[in-house]
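# Descriptive structure summary
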Amino acid sequence: MVQLHTLGAVHLRRDRLEVRSVLSQPRRLALLVYLAAARPHGFHTRDRLIGLFWPDADEARARNALRQAVFQLRKSLGEGVIVSRGDHELGIDSTRLWCDVAVLDAALEEGRPEAAIDLYRGEFMPGFHVDDSPGIERWLEDERARLRRAAVDAAWTVADADAARGDLAAAVARGRQAMALDPLDEGSVRRLIERLDQAGERAAALQLFGEFERRLEAELGLAPGEETLRRVTELRSAPAATTAAAAVMDARPTPMPAPGPPCPPSVVTVRPVPRPRVFARQQFALVGVVALALSVVLFQRRARETGPLTAPEPTPDAAVAVLPFINMSGDPANEYFSDGMAEELSFALSRVPGLRVVGHTSAFSFKGKDVGVDSIGRALRVGYVLEGSVRATGNRVRILAQLIDAASGYHVWSETWDGDLSDVFAVQAEIAAAVVRELQPRLAGGSTPPAPAEPETRSAAAHAYVLRGYQALYAGEIADYRRADTLFTRALELDPDYARAHAGLAVTRNMSVFRRWQAAGEGYARAEAAALRALELDPSLAVAHSALGRIEEGRWNFAAADRHFMRAIELSPGTETWYRHRALLLAILGRHDESIALARRAVEIDPLATGAHRQLGVTYFQARQYENAVAAYDNALALAPGHQVALHYLAQALSMLGRHDEAMAAARAAFEKSPDDPVLGASAAWVHARAGDMAMARTRLARLEVGQPRSAYAIALVLAALGEHERAFVELQRAYDEGDSHLVELGVFPAFDPLRTDPRFLRLLQRIGLVS
C-alpha cells in the first residue's frame, strides 16, 4: 500500500519507505496529488491534466510530458496505482494508494466529522508550489482554503452536538479547536463567543474578541464586521452572569480601546495619524502593495462608524470581483496587458443590470497578496471571484479565466483560450458572457449575457498603447496626464478609428485646458472633436460622454454637462468615475446634498480608489463641511501617500479650519512636485496669506504673475486673500475673457468670500450662469 500524506506535512511512502524519486520532482508529485485528491474523486481527462500542468507547451510536447510523468510514477509506486480508463482518462486505484484528503472527504460525506478533524493535521501541501503552472497553483490555493474551511465546519458540527447534549465545556473546547484551525475566521469567533457566554464565561468571551481584533488588524489589516461588533456590544451591556465563577470573571477589568474622536456621520475615515507626519506615512504602492489595513476603513468599519452609504447593497450572490490577472509572460513590462484584461472585463460586467462589480482599484488591492478567495469574498462582500492569467508572446496570447465561488472555493467555470492578440476582444466578450450565464439565476430581472462585441481595433500595438494610456489616467498625477496624451496619440497613429483612444484623448485635452497648458477655446474644441469622434465610432462609450460633460462644464454649459454625466452613468452604472464627475458639477451649482450622495456612491463602488475619496473631500469642502473634507483627503492620502492633488486640496481644508502650520506643510509638499503649475502655486500662496505669512504669499504671487502658463484666476484668488480687491476683479475679468474653466468654482469656493458682497461679483456669477 502506498500512503500519501498532504495535510500538515507531505509524505509519500511505499512499504513504509519514503519515495524520494517522486518527492524530489515537484511537477511529478503535484500530478500524483491532483489525481488522488482533486474533486470529484475519480478519473481525470488527459486534456485537463495537460492544460493544468503544461499550459505553454504545444500539444505534442505536452502529451509526451504527461506520458513520461505517468511512466515514472508507475515505476516508482508500482503498477496498478495509476490506472487508465480508455485512452483519454487517468485515475488512482484507491485500494493501492491511501490519500488523507480523499479519506477526509469520504468521512465528511458519510457524516463522520470527528474522523475528518483527526485527519486534518494542518495546511494542505504546505509551502509547495509548481513553477510555470498557474492552474495548479490556483488549485492548490483553493484546496487549502476548502480543506481548512471543511475542518472548521467539522469542528463546529461536533461542538454543536456537544452543546445540544448540554456539555458546554466540550462545546467550548471544540470551538477553540475550530479557532485554532483558522484563527482569523470571524464566524468561528462569533460562535465561540456565544458558547463562552452560554457557559458563563463572559470575561473569556470578551478577552477572545480583544485578541481576535488585534490579530485581525495586525495580520490582515481588517477590522471585525458589523455583526460581531453588535454581538460584543450586547454582551458588554447585558446583565451580569449569575454563577459565582462568572461573577468573579466579570469583576476583572477588561481592557477597552480608547475612544477615538467622533466621526462625522457621513465620512469613511482612516485611523488618524498624528500630524505633521501625515506626509511621511509608510509608502504603500496602490498597485501590488496596498496595505490591506485599508480594508478596515473601507469595508468593515463603514457600518460601525458611519452607517450605510446608500441603500442596502445587492446580496453577495449577485456580486463579483475581477482580480488582476497574473502576468505569465516573464516580462514585467507586460504587466499593463494582464492588468488591462481584468480592468476591461470589470468594465464590461459593470454594465450588466443587477450585477454588482467591485471597482477595479479595490479588487486590485489584493494583487500580489497571499489571500484566499474566501477572505477576499468576505472583505469585498462578493459571492464570486473572477481570476485568471495571461501569457503574451509576440502576437500570440494564452488567456485562462475561471469563476470561483468565494465561500466554498469551488471552481464554477473555467476556460482557456489560445489565439492572436487581435482576438482578445472576442475572448473578453466570451468571458463576460460566460460569467453572466453562470450568475444569471441570481441576477435581478434575469439579465442576459452581453452581446459579442466587435473588435475595438485590429492593431495589437494600438491596443497596448490604449491600455497603458488608461493605466496612466488611473494614476491621476499631473505628469500622468501628459504621458497618457502621448500614448493615446500613438494609438491613433496606428488606428485612426480606435474609439477608446479618441475618448482618452478627449480626457487628456480637457485636462490640458484645466491645467492651463492650452487656451480654453482651442483646447476645448480639440477635446470636443475627440469625444464626438469617439461617440461616432461607439455611441455606447461612457468615457466619451463623461469627457463631453467635463468640456461642457468648463464652457459653463451646466445643463448640457449634466445630461452627458447622467448618460455615462446610464451606460455604465458600475463605474465610480461618472458619479464623482457629476458630484462635482452639482457641488459647484450648490446642490450639496445631492453632490455628497453621489460622491459617496463613488466611494461605495470603489472604496480603494484614491480619486473617489479625493473628490468626496471636494464635495464636502464646497459644502463647507471642512472636518469631513479633511477626513476624506486623509483617506485618499492613505491610499496614495504624497499624492499632490490630494495634498493640494487637503491644504485648503486645513486652512479653513485654522490649522495653518499643517496647511502650509501640505501646500508646500504639493507645490514642490510641480513648481510651475499655477493652480498649485496659487493654492500655496492663498494658504500662506490666510496663515498671516504675507511675505511668502507675495513671493509666490510674483512668480504667478510672470510665470507661464499665466492664470488670471489663480492670481485673483491670491489677491482676494491679500485684500487687494480691485486688482482681484481685474484678474477675474481677464479670466472670464479667457474662458477659464476654474471660474465655475466662484459660487462656492470660500477663497472668494471677501468679494461676495461686491455687486461686480454677483454680475460675474450671472454671466457664468451660476446664479439666475
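Above this text sits the structure in question.
Below is a summary of the structure that appears in this document. (Residues numbered from 1 in each chain as written. Predicted model: local features only at pLDDT ≥ 70, side-chain atom pairs only at ≥ 80, totals over all residues. Heavy atoms only, no water.)

### Looking at the overall build of the protein chain
- Across its full length, the protein chain carries 35 helices and 13 strands.
- Taking all contacts inside the protein chain whose residues are at least 6 apart in sequence as the whole, residues at least 24 apart take part in 64%.
- For the protein chain, the exposed surface amounts to about 32000 Å²; the carbon and sulfur share of it is 52%. (Helix = DSSP H or I, 4+ residues; strand = E, 2+ residues; numbered from the N terminus. Contact = heavy atoms within 4.5 Å. Areas by Shrake-Rupley, 256 points an atom, 1.4 Å probe, with all protein chains shown as cover.)

### A short note on the packing of aromatic side chains
- In total, this model carries 13 aromatic pairs according to the counting rule given.
- Between the aromatic rings of Phe124 and Trp139, the centroid separation amounts to 5.8 Å while the plane-to-plane angle is 90°, which identifies the pairing as edge-to-face. Pair noted here: Phe124 is in the loop between helix H6 (113-119) and helix H7 (134-164) and Trp139 is in helix H7, with a separation of 15 residues, a long-range link. The same class applies to Phe124 and to Trp139, which are both buried.
- Each ring, one from Phe749 and one from Phe752, has its centre 6.2 Å from the other, and the planes form 75°; the classification is edge-to-face.
- Judged by relative accessible area, which is 4%, Phe749 ranks as buried.
- Members of the aromatic cluster, connected to one another through ring pairs, are Phe621, Tyr626, Trp686, Tyr713, Phe749, Phe752 and Phe761.
- Sitting over the ring of Phe671, Arg700 keeps its end group 4.4 Å from the ring centre.
- A cation over an aromatic ring shows up here: Arg760 above the ring of Phe729, its NZ or CZ 4.2 Å from the ring centre. (Phe/Tyr/Trp six-rings, centres within 6.5 Å; stacked < 30°, edge-to-face > 60°. Buried < 20%, exposed > 50% of the residue type's maximum accessible area, 1.4 Å probe, protein only. Lys NZ or Arg CZ within 6 Å of the ring centre and 35° of its normal.)

### Focus: the pattern of salt bridges
- Within this structure, the stated rule accounts for 39 salt bridges.
- The salt bridge partner of Asp153 is Arg149, with a shortest N-O separation of 3.1 Å. One end of the pair is Asp153 and the other is Arg149, both in helix H7 and 4 residues apart, which spans about a single turn.
- We classify Asp153 as partly exposed; its relative accessible area is 36%.
- On the accessibility criterion, Arg149 (22% relative accessible area) is partly exposed.
- One salt bridge in this structure joins Arg591 and Glu594, with 2.9 Å as the shortest N-O distance.
- Note on Glu594: relative accessible area 38%, which makes it partly exposed. (Salt bridge = Lys/Arg side-chain N within 4 Å of Asp/Glu carboxyl O.)

### Considering the sheet that holds strand E3 (residues 17-18)
- The strand order across the open sheet formed by 4 strands is E3-E2-E1-E7, and the pairing between neighbours is mixed. Every other strand in the sheet has two partners, leaving E3 and strand E7 (97-99) as the edge strands with one partner each.
- Strand direction decides the pairing type here: strand E2 (residues 11-14) and E3, joined by 2 bridges, are antiparallel. Its bridge partner lying in E3, Arg13 is registered against Glu18. (Pairing = 2+ DSSP bridges.)

### Concerning the sheet that holds strand E4 (residues 44-45)
- One open sheet holds the 3 strands; their spatial order is E4-E6-E5, and the pairing between them is antiparallel. The outermost strands of the open sheet, each flanked by one partner alone, are E4 and strand E5 (82-85).
- Alignment of E5 against strand E6 (residues 89-92), held across 4 bridges, turns out to be antiparallel. Its bridge partner lying in E6, Ser84 is registered against Leu90.
- Sheet strands touched by helix H2 (residues 26-37): E4, E5 and E6. Its angle to E6, the strand with the most contacts, is close to 80°. (Axes fitted to C-alpha atoms, helices over the stretch in contact; angles between N-to-C directions.)

### Details of the environment of His564
- When you line up the elements, His564 lands in helix H24 (residues 558-571).
- Counting along the chain gives 18 residues from His564 to Ser546, while the straight-line C-alpha distance between them is 6.0 Å.
- If we ignore the near neighbours within four places in the chain, the residues touching His564 are His545, Leu548, Gly549 and Glu552.

### Structural notes on the pairing of strand E8 (residues 319-322)
- Here E8 shows a buried face lined by Ala319 and Ala321 and a second buried face lined by Val320 and Val322.
- Sheet topology note: the E8/strand E10 (residues 356-357) ladder contains 2 bridges and is parallel. Bridging from a neighbouring strand, Val320 pairs with Val357 of E10.

### A look at helix H35 (residues 759-768)
- Within H35, burial applies to Phe761, Leu764, Leu765 and Ile768. The arc enclosing the buried residues of H35, seen along the axis, measures out at 100°, which places them on a common side.
- Of the surrounding elements, those touching the buried residues of H35 are H24 and helix H34 (725-738).
- N-capping of H35 is provided by Asp758, with a side-chain oxygen placed 2.8 Å from the backbone N of Arg760. (Arc of directions from axis to C-beta. Polar contact = N/O pair within 3.5 Å; in protein donor to acceptor, adjacent residues only side chain to side chain.)

### Focus: the packing of helix H29 (residues 644-656) against helix H30 (residues 660-673)
- Taken N-terminus to C-terminus, the directions of H29 and H30 make an angle of 155°; their axes are 8 Å apart at the nearest point. The orientation of H29 with respect to H30, classified from their angle, is roughly antiparallel. Every pair of crossing elements has a handedness; the one defined by H29 and H30 is left-handed. In contact with Gln644, Leu647, His648, Leu650, Ala651, Leu654 and Ser655 of H29, H30 contributes His660, Glu662, Ala663, Ala666, Ala667, Ala669, Ala670 and Lys673.
- Here the contact of H29 with H30 is composed, by residue class, of 9 nonpolar, 4 polar and 2 charged. (Parallel < 35°, antiparallel > 145°, perpendicular 65-115°, else oblique. Left-handed = near helix turned anticlockwise from the far one by under 90°. Nonpolar A, V, L, I, M, F, W, Y, C, P; charged D, E, K, R; others polar.)

### Here's the deal with unusual backbone geometry
- For the bond running from Arg39 to Pro40, omega is -5°, close enough to zero to count as cis.
- Its place among the elements puts Pro40 in the loop between H2 and E4.
- Despite not being glycine, Met125 shows a phi value in the positive range, around 45°.
- As for its position among the elements, Met125 is in the loop between H6 and H7.
- One non-glycine residue, Trp556, lies in the positive phi region at around 75°.
- Of note, Trp556 is situated in the loop between helix H23 (542-554) and H24.
- Using a relative accessible area of 15% as the deciding quantity, one classes Trp556 as buried.

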